[in-house]
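# Tertiary structure, described
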Amino acid sequence: MGFISRIQLKNFRNYPELELKLEPGISVFRGLNGQGKTAFLEALGFLSLLRSIRSSNTRHLKKWESDFFSLRACLDRVTRPELDMSVYYGDKRQLSLDGNRVPTTSDFIGVVKSVAFMPEDIEIVKGSASWRRQYLDILLSQLSPGYLQSLKHYQKALKSRNQVLKRGLNLDLELDVWDDILIEHGCEVLEARLSLLPRLAESVSSLVEKMLKKDFLLELQYKNSLAKNATDLRSVY
């Protein structure tokens with residue numbers, strides 16, 4: 001898998017510029033409040049997911065009164081040549097790998113895989129189902145570029161279908177088109193989530209055995225009315 005051996009930040013949060021070399025293994029960052037420890041970790045996470053672990057608005061990541069921010073990192077892949085990654089956000093977003101422009105986010109996301117632990121992650125357990133879906137989406141997007149594409153197509157089709165319903169014109173014809181797209185990509189998304197659950201359950205069970213009492217039982221289930229008792233999801237529609 002490799003590790004990030006060098007990272008450069010420009011106009012990211014409170015950093016006008018930072019260049020740092022990293023070693024394999026565990027790194028510990030220590031500093032006073034407001035010095036940028038979390039912002040640095042946020043930059044690492046952004047290289048992985050092209051989204052902030054703290055804000056839903058990418059513009060908030062630009063340093064105050066800056067027109068852009070950029071991130072650049074070197075991925076040491078141990079048994080393969082190093083990979084240069086860069087992200088530029090100004091008027092437009094630019095992604096590149098080894099100096100070659102990357103046209104789609106799905107080709108960039110997951111090159112570096114990351115896991116972030118935040119205080120609000122408790123909502124995955126006690127919050128609404130949307131938190132758990134988001135958790136699965138982030139995990140699967142790093143594991144499979146195809147999943148991210150299916151998810152984006154599904155979300156776009158759902159938004160377009162809702163717009164058709166609001167207009168109230170030519171409903172049958174237009175809805176049929178968007179329904180077909182929703183079924184196709186919605187099934188791909190659901191199938192990927194269902195196939196991930198056994199792997200997640202196995203990992204969770206292993207951790208429970210190490211951390212909690214032997215008689216403690218923790219079970220993961222994906223509750224979905226369509227998937228229940230259906231061998232072929234597409235046949236349900």
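This text gives an overview of the structure that appears in the document. None of these values were measured; they are calculated from a predicted model. (Residues numbered from 1 in each chain as written. Predicted model: local features only at pLDDT ≥ 70, side-chain atom pairs only at ≥ 80, totals over all residues. Heavy atoms only, no water.)

This part is about the pairing of strand S1 (residues 3–12). Relative to strand S3 (residues 69–76), S1 runs antiparallel, the two being bridged by seven bridges. Bridging from a neighbouring strand, Ile7 pairs with Ala73 of S3. Taken together, the six bridges between S1 and strand S2 (residues 15–21) define a ladder with antiparallel strand orientation. Bridged to Arg6 within S2 is Lys21. From the end of S1 to the start of S2, which pair antiparallel, there are two residues, and Arg13 there has a positive phi angle of about 55 degrees. (Pairing = 2+ DSSP bridges. Helix = DSSP H or I, 4+ residues; strand = E, 2+ residues; numbered from the N terminus.)

What follows is about the packing of helix H3 (residues 129–143) against helix H5 (residues 171–211). The interhelical angle for the contact between H3 and H5, taken along N-to-C directions, is 90 degrees, at an axis separation of 11 Å. Classed by the angle they form, the pair H3 and H5 counts as roughly perpendicular. On the side of H3, the interface is formed by Arg133, Tyr135, Leu136, Asp137, Leu139, Leu140 and Leu143, while H5 contributes Ala192, Arg193, Leu196, Arg199 and Leu200. Looking at the contact of H3 with H5, its residues break down into eight nonpolar, no polar and four charged. (Axes fitted to C-alpha atoms, helices over the stretch in contact; angles between N-to-C directions. Parallel < 35°, antiparallel > 145°, perpendicular 65-115°, else oblique. Contact = heavy atoms within 4.5 Å. Nonpolar A, V, L, I, M, F, W, Y, C, P; charged D, E, K, R; others polar.)

Here we come to the sheet that holds strand S5 (residues 93–97). One open sheet holds the six strands; their spatial order is S2-S1-S3-S4-S5-S6, and the pairing between them is antiparallel. Two strands close off the open sheet at either side, each with one partner strand: S2 and strand S6 (100–101). Packed on one face of the sheet, helix H1 (residues 37–49) meets S1, S2, S3 and strand S4 (83–89) and runs near 110 degrees to S1.

So, on to the packing of H3 against helix H4 (residues 145–167). H4 packs onto H3 with a crossing angle of 130 degrees between their chain directions and a minimal axis gap of 5 Å. Relative to H4, the element H3 lies oblique. On the side of H3, the interface is formed by Asp137, Leu140, Ser141 and Leu143, while H4 contributes Pro145, Tyr147, Leu148 and Leu151. Of the residues that constitute the contact of H3 with H4, the class distribution is six nonpolar, one polar and one charged.

Below, the discussion takes up the nonpolar core. One finds Ile4, Leu9, Phe46, Leu71, Val87 and Phe108 to be the most contacted residues of the largest nonpolar core, which totals 29 residues. Of all the secondary structure elements, the ones that give two or more residues to this core are S1, H1, S3, S4 and S5. Sorting elements by how many residues they give to this core places H1 first, with six residues. Aside from chain neighbours lying at most four places away, what touches Phe46 is Arg51, Ser52, Thr58, Leu61, Phe69, Leu71, Val87 and Tyr89. Of all hydrophobic cores here, the second largest spans eight residues; its members include Leu140, Leu151, Val189 and Leu196. (Core = buried A, V, L, I, M, F, W, Y, C linked by side-chain atoms within 4.5 Å. Buried < 20%, exposed > 50% of the residue type's maximum accessible area, 1.4 Å probe, protein only.)

This part takes up H3. The first and last C-alpha atoms of H3 sit 21 Å apart over 15 residues, in line with the 21 Å expected at 1.5 Å per residue. The set of residues buried in H3 consists of Leu136, Asp137, Leu140, Ser141 and Gln142. (Expected span 1.5 Å × (residues − 1).)

Purely geometric stuff here, so don't read any function into it on its own.
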